[in-house]
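Residue-level listing of the chains:
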Amino acid sequence: MTATLASLCSVLLGAQETHAAPAGAGPVVAHDIPAAITAPELSWAGWIIWLPLLSSIACALCAAFRVKNKLPAFVTVLSFAAAFGVTFWLHRIVDPAQPVVVPLLHWMDFAWGDGNWHAFGAHFSLYVDELTLFWMLFVTGLGTLIALYASEYMESDVGKGYSRFFFGVSIFIVAMAALVMSDNLVMLYLGWEGVGLASYLLIGYYYTRPSAVAAAKKAFIMNRVGDLGLAIGIFLIWTNYGTVEYDGLFRAIEAAGNPAGGWDASLIPFCLMLGAFGKSAQIPLYVWLPDAMEGPTPVSALIHAATMVTAGVYLIARMFPLFLLHPDALAAVAWIGGLTALLAATIGMAQYDIKRIFAYSTVSQLGYMFLGLGVGTAYGACYHTFTHAFFKALLFLTAGAVMHGFAGQLDLRRLSGLRRVPGFALVSWTMLVGCLWLSAFPFSAGFFSKDTILAAAMFDPHHAQPALAWMGLATAGLTAYYTFRVWFRVCAGPVAFVPGDELHGADGHGRGAPSASASHGNDHGSFHPHAPRLAINGVLLVLAIGAVLAGLPTYLVLSGQTKENWVESMMAHSSAALGAQPADSHEHPHLIGMDGHTAMFVLSSVVGLAGIAIAWVLHLGNRRLADRLRGAMLARRWLRWLPTAMEHKWYVDELYHACFRLPMWVGGHLLHFFDKHFIDGLLVNGIGRVPSFLGRLFQPLYNGALQGYAATMAGAVALILAWVVWKWIVGGGA
């Protein structure tokens, strides 16, 4: 059995086998990214951007003309599907080994002086390589499915916010397409800000709810912090390399071999990673993402699975050569990713809102992706992005189906046995697929992609971080536990549910607190759950199949039909090439007495299965045991801090409030007081009051009586004479 498993692992991980580096070798800086060729004949690829843009215009017109049907959804789904078709065809005809630049519009072109760095160019052009196509395939594909799901989910808003919702979704895909397909960093930044704007519009979709407005502002502000870092990084790239266009930048890096400047050049990867941490919700800028649950559930799936949060991973993968120029850059990415994964997993264990649990799992899985990037496997990070996109979209949309049918109820303590509720069997079983993949169940796609990252963290010859590998294994166990805590509580066990406090469709299916009757047991009375129909169920089924097929690249390697993982081959023909293929040697690592990769396979499997088994014991086999365990922890003074802190998200929001928000609030009021009473009151208004005061002082002398004017004139003459005499005396005239 052990020999069979070892041989299986060697086949499974053969394409990603890591070896010791040659003596004295350091991080490789030079790379073989081919020079891009200009291909104006592929200008039709611009329809990947133009189609969602036309959809947003159509939705805006529908809103202006108060369309009261599902036309906005039809237009959006059709345009996204067409964009996916264009992307797929482009993938079929483009040479994978040859990046191309597709010019679309003449945009920025400035020149001054006659020396180097006296020109700036950034055109509206596309940079098409395998990394571009890889990202756009799942962005447009999942965007189409999520829009189709939303056509039914949001139908209670038809004639109200329906057009506005699909306008925001279209802007999201337009901005994401511009971000991914741009051939320069300025256009990338335009898309970067575009997804931030779209997230603000969609998270705050229910603008009458203060919590939604606060969440939208929080997301917008937290992202501005990261965006500032990205903007500074782009400026430093131009000042050090003289270009912001990818092809020219890669040529300049390859020619230089080392950082082109001094300390400012060494700051470039750290500025870029700050931008990535903001968009992809990593420490310390992760707190906006769980609150993004205030938006409609399709928005949660769109943000967490296919678009916004993957932008940071894409940025580092695209700029991977720059991160090799500083010895500590990738290590910083790895440690931030690993710590974020662990922190978010501990918080997710203690939450009760299903969507919020999945939100923290997104933060945690993004941490794995950054860990993969930091330990030198851009392939593993991008593969996990791909598999995660399917199973996380599936999990959010199943949670949305539950909320849609149970009047906004999302508290896992008030739902049970949904797989036996009429109309919810498909929802429950597709959620099970998503849970298995998220928990990295052995031989699932999520297992393969996560195991690639952990193996690289343990054994990569240049960037290995064994401490983070062990931390990642522990996080995998926590993930399996809290994932199946949801499924065992909500979908398994006896049928019992309490509806939420929203009438179906009354408040846009937003998250609601349990109703007053919810505290009185599990009696659902006369409430009848609203079962999802064809659009929702069809999308869930397709996503479940897609999640299974996401493991196809590795399944083909296992079956011997191919020697190379399809995703790895795509990364090897992109700017992330150095993170796709290991160094060549013959020395194999070992761990706990076994081949290192076999050991990681076994450890990952054991840890994940242990987490699922513990969840079964506490949340299905004996649910009261979990309550007693929590009560016992709270009863012990030395231990109660742990569950309390986890339920309160380690008080990070409170810490930010004390360290940043409160001082800024106090400072703002102090500055307002100073401005009102000193700047305006004393200086501006005070000086302005001097003429008025003098006028009132002399006003009694001008009362309209002739004798008064005569007395004034005489007095003035007397004062002048007195002054003349005084000057004469002082001057020695006497």
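Conventions used here
Residues numbered from 1 in each chain as written. Predicted model: local features only at pLDDT ≥ 70, side-chain atom pairs only at ≥ 80, totals over all residues. Heavy atoms only, no water. Helix = DSSP H or I, 4+ residues; strand = E, 2+ residues; numbered from the N terminus. Buried < 20%, exposed > 50% of the residue type's maximum accessible area, 1.4 Å probe, protein only. Contact = heavy atoms within 4.5 Å. Areas by Shrake-Rupley, 256 points an atom, 1.4 Å probe, with all protein chains shown as cover. Axes fitted to C-alpha atoms, helices over the stretch in contact; angles between N-to-C directions. Parallel < 35°, antiparallel > 145°, perpendicular 65-115°, else oblique. Left-handed = near helix turned anticlockwise from the far one by under 90°. Nonpolar A, V, L, I, M, F, W, Y, C, P; charged D, E, K, R; others polar. Pairing = 2+ DSSP bridges. 1 Å grid on protein atoms, 1.4 Å probe; cavity = no way out; pocket = protein on both sides within 12 Å on 5 of 7 lines; lining within 4 Å. Points joined across faces, edges and corners; volume = space filled by probe spheres on them. pLDDT = per-residue confidence, 0-100. Salt bridge = Lys/Arg side-chain N within 4 Å of Asp/Glu carboxyl O. Phe/Tyr/Trp six-rings, centres within 6.5 Å; stacked < 30°, edge-to-face > 60°.

### Concerning the overall build of the protein chain
Step number 1: Secondary structure assignment for the protein chain yields 28 helices and 7 strands.
Step number 2: A buried classification covers 53% of the 734 residues belonging to the protein chain.
Step number 3: By sequence separation, contacts in the protein chain at least 24 residues apart represent 81% of the contacts at least 6 residues apart.
Step number 4: Roughly 30,300 Å² of accessible area belongs to the protein chain as shown, and the carbon and sulfur atoms make up 69% of that amount.

### Digging into the packing of helix H18 (residues 425-438) against helix H21 (residues 534-549)
Step number 1: For the pair H18 and H21, interaxial distance at closest approach is 10 Å and the crossing angle is 25°. On the basis of their axis angle, the class for H18 and H21 is roughly parallel. The element H18 and its partner H21 pack so that their crossing is left-handed. Residues Leu 426, Val 427, Thr 430, Val 433 and Trp 437 of H18 lie in contact with H21, whose contacting residues are Asn 537, Leu 540, Leu 541, Ala 544, Ala 547 and Val 548.
Step number 2: Its residues assigned to classes, the contact of H18 with H21 comprises 9 nonpolar, 2 polar and no charged.

### Looking at the sheet that holds strand E3 (residues 119-128)
Within a sheet, each strand pairs with its neighbour through backbone hydrogen bonds, oriented either parallel or antiparallel.
Step number 1: An order of E1-E2-E3 is seen for the 3 strands of this open sheet, with the pairing classed as mixed. If you trace the sheet from one side to the other, it starts and ends with strand E1 (37-38) and E3, each paired once.
Step number 2: As defined by bridge partners, E1 adjoins strand E2 (residues 100-111) across 2 bridges and the pair is classed as parallel. Across the sheet, Ile 37 pairs through a bridge with Val 100, a residue of E2.

### A word on the environment of Ala 345
Step number 1: By secondary structure assignment, the location of Ala 345 is in helix H15 (residues 329-348).
Step number 2: When the C-alpha positions of Ala 345 and Thr 475 are compared, they lie 6.5 Å apart, and in sequence the two are 130 residues distant.
Step number 3: Discounting chain neighbours no more than four positions away, the residues touching Ala 345 are Ser 364, Thr 475, Leu 478, Thr 479 and Tyr 482.

### Observations concerning the layout of surface pockets
Step number 1: Taken as a whole, the largest pocket spans an internal volume of roughly 710 Å³.
Step number 2: Around the largest pocket sit 17 residues that line it, and Lys 218, Ile 221, Met 222, Tyr 656 and Arg 661 are the ones nearest its centre.
Step number 3: Mapped onto the lining of the largest pocket, the elements with two or more residues apiece are helix H7 (210-241) and helix H27 (652-698).
Step number 4: Element by element, the count of residues in the lining of the largest pocket is highest for H7, at 7 residues.
Step number 5: Looking at the lining of the largest pocket residue by residue, the classes come out as 11 nonpolar, 1 polar and 5 charged.

### Things to note about the confidence of the model for the protein chain
Step number 1: Per-residue pLDDT for the protein chain averages 85, and the proportion of residues at 70 or more is 89%.
Step number 2: Between residues 1-30, whose pLDDT stays under 50, and residues either more than four places distant or in other chains, the model counts 54 contacts.
Step number 3: Segment residues 582-586 is flagged for pLDDT under 50; beyond a separation of four residues in sequence, or across chains, it makes 9 contacts in the model.

### Describing the pattern of salt bridges
Step number 1: The final tally for this structure, using the stated rule, is 16 salt bridges.
Step number 2: One salt bridge connects Lys 649 with Asp 653, and the closest N-O pair in it is separated by 3.6 Å.
Step number 3: According to the relative accessible area criterion, Lys 649 is partly exposed, its value standing at 21%.
Step number 4: Residue class for Asp 653 comes out partly exposed when judged on its relative accessible area of 25%.
Step number 5: Ionic contacts of the salt-bridge type, sharing partners, join the residues Lys 218, Asp 291, Arg 356, Lys 649 and Asp 653 into one network.

### A closer look at the packing of aromatic side chains
Step number 1: For the coordinates displayed, the defined rule picks out 37 aromatic pairs.
Step number 2: Here Tyr 127 and Tyr 246 contribute two aromatic rings whose centre-to-centre distance is 5.6 Å and whose plane-to-plane angle is 85°, an arrangement assigned as edge-to-face. Taken together, the residues span a long stretch of sequence, with Tyr 127 in strand E3 and Tyr 246 in helix H8 (residues 246-256) at a distance of 119 residues. Just as Tyr 127 is buried, Tyr 246 falls in that class too.

### A closer look at the environment of Ala 341
Step number 1: Inspection of the secondary structure assignment puts Ala 341 in helix H15.
Step number 2: A relative accessible area of 4% means that Ala 341 is categorised as buried.
Step number 3: On a C-alpha basis, the gap between Ala 341 and Ser 361 in space is 8.3 Å, while along the polypeptide they are 20 residues apart.

### Looking at unusual backbone geometry
Step number 1: With an omega dihedral of 5°, the bond running from Ile 283 to Pro 284 counts as a cis peptide bond.
Step number 2: The backbone of Ala 281 sits at a positive phi, close to 55°, despite the residue not being glycine.
Step number 3: Along the chain, the position of Ala 281 falls in the loop between helix H10 (268-279) and helix H11 (288-291).
Step number 4: The class for Ala 281 is buried, based on a relative accessible area of 0%.
Step number 5: Although it is not a glycine, Trp 650 sits at a positive phi angle of roughly 60°.
Step number 6: By secondary structure assignment, the location of Trp 650 is in the loop between helix H26 (641-647) and H27.

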